[in-house]
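Descriptive analysis of the structure
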Amino acid sequence: MTSAIPLNVGITRSAGAPTAGGKRVLLAEPRGYCAGVDRAVETVEKALEKHGAPIYVRKEIVHNRHVVETLRERGVIFVDETDEVPEGALVVFSAHGVAPIVHETAAERNLRTIDATCPLVTKVHQEAKRFARDDYDILLIGHEGHEEVEGTAGEAPQHVQLVDGPDSVDKVTVRDPSKVIWLSQTTLSVDETMETVERLRQRFPTLQDPPSDDICYATSNRQTAVKAMAPECDLVIVVGSRNSSNSVRLVEVALGAGAKASYLVDYAREVDPAWLDGVQTIGITSGASVPEILVTGVLDLLAEHGFGEVQPVTTANETLVFSLPRELRAARKDQAKQA
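In this report, the structure presented in the accompanying data block is examined. (Residues numbered from 1 in each chain as written. Predicted model: local features only at pLDDT ≥ 70, side-chain atom pairs only at ≥ 80, totals over all residues. Heavy atoms only, no water.)

Before going further, it helps to spend a moment on the sheet that holds strand β12 (residues 310-314). One open sheet accounts for five strands, arranged β10-β9-β11-β1-β12; its pairing is parallel. Each edge of the open sheet carries a strand with a single partner, namely β10 (262-265) and β12. Between one strand axis and the next, the sheet turns by 25 degrees as a mean value, whatever way the strands run. Here five bridges tie strand β9 (residues 235-239) to strand β11 (residues 281-286), and the two strands are oriented parallel to one another. Opposite Leu235, over in β11, you have Ile282 as the bridge partner. Docked against the sheet, helix α8 (residues 245-256) engages β9, β10 and β11, running at close to 165 degrees with respect to β10. (Pairing = 2+ DSSP bridges. Helix = DSSP H or I, 4+ residues; strand = E, 2+ residues; numbered from the N terminus. Axes fitted to C-alpha atoms, helices over the stretch in contact; angles between N-to-C directions. Contact = heavy atoms within 4.5 Å.)

Laid out in structure tokens, this is it:
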């Protein structure tokens, strides 16, 4: 895990006898940081250690307020586009990926670049290029304006058509219904994505599936954990930022799976005590870009309101780790030797 963004792994409070009134917390596992986010945040940290501040990051490295604010305090400057970066400076591309044109404009400005794109996003980019070469119409299921969608679409703009949910299916037009494939943003709701695919297949019966799942393992696992606990919950609190697609989806999944209420918060201080009125069981989870310390803060707050019993709900164990970008791998090896 990373060092600048503090993480607390596990729950230190007792999960013994039920507290007065039967109040309890169901804690989803897995939750929080995925391998791609961990890699992206560590990439920025290692770049700071190796090159010193300031370094530039195009867009938010990951969609989490706490992570971005903490890195900004350490000397990271976040920009929207590469033309805001001084010529010759170092810029890191975020976990969400960028279109080829971004690499080109960076090269024109003689920028030094480190690409922190999640390898699972890179996989979707490669699929887009492959099927564009074979002259397919590519139906990219995702949210308009999201950085990941812009990056993937930029790989083959003449072949990619965005499908923003089931209601957008009727607007789709293709050249040859026998040469159509769907790809997706990695952080979508699994259920809504499959609903979109089924509606697309009704229009295009020979629609091809991607070679492997595009929705990433972490997104799917976090949604599965929420589905497992939501039917028992009067309230599900999702820790995550509002511009985090996978965090927003967790609220939707919780409500769809039977939770009576669900809210998204960045910090414990955003929890409204009124939400707790009449509540016996609260589910807690966090998006894939959320450090565990933020979850701990919510648990501490709930304990103060009588929710001291914490029961894990485990639906998967995640062990995947991604290598750092090649420009920084030596830094990780040197650190390991010193340990």
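Val44, Ile55, Ile61, Val62, Val76 and Val92 are the most contacted members of the largest nonpolar core, which totals 27 residues. Broken down by secondary-structure element, the contributors of at least two residues to this core are α1 (35-51), β2 (55-58), α2 (65-73), β3 (76-79) and β4 (90-93). Of all the elements, α1 adds the most residues to this core, at six residues. Discounting chain neighbours no more than four positions away, the residues touching Ile55 are Val44, Ala47, Leu48, Gly75, Val76, Ile77, Leu90 and Val92. Ranked by size, the runner-up nonpolar core spans 24 residues in total, among them Ile237, Ala261, Ala268 and Val290. (Core = buried A, V, L, I, M, F, W, Y, C linked by side-chain atoms within 4.5 Å. Buried < 20%, exposed > 50% of the residue type's maximum accessible area, 1.4 Å probe, protein only.)

Distances and angles like these do not, on their own, reveal function.
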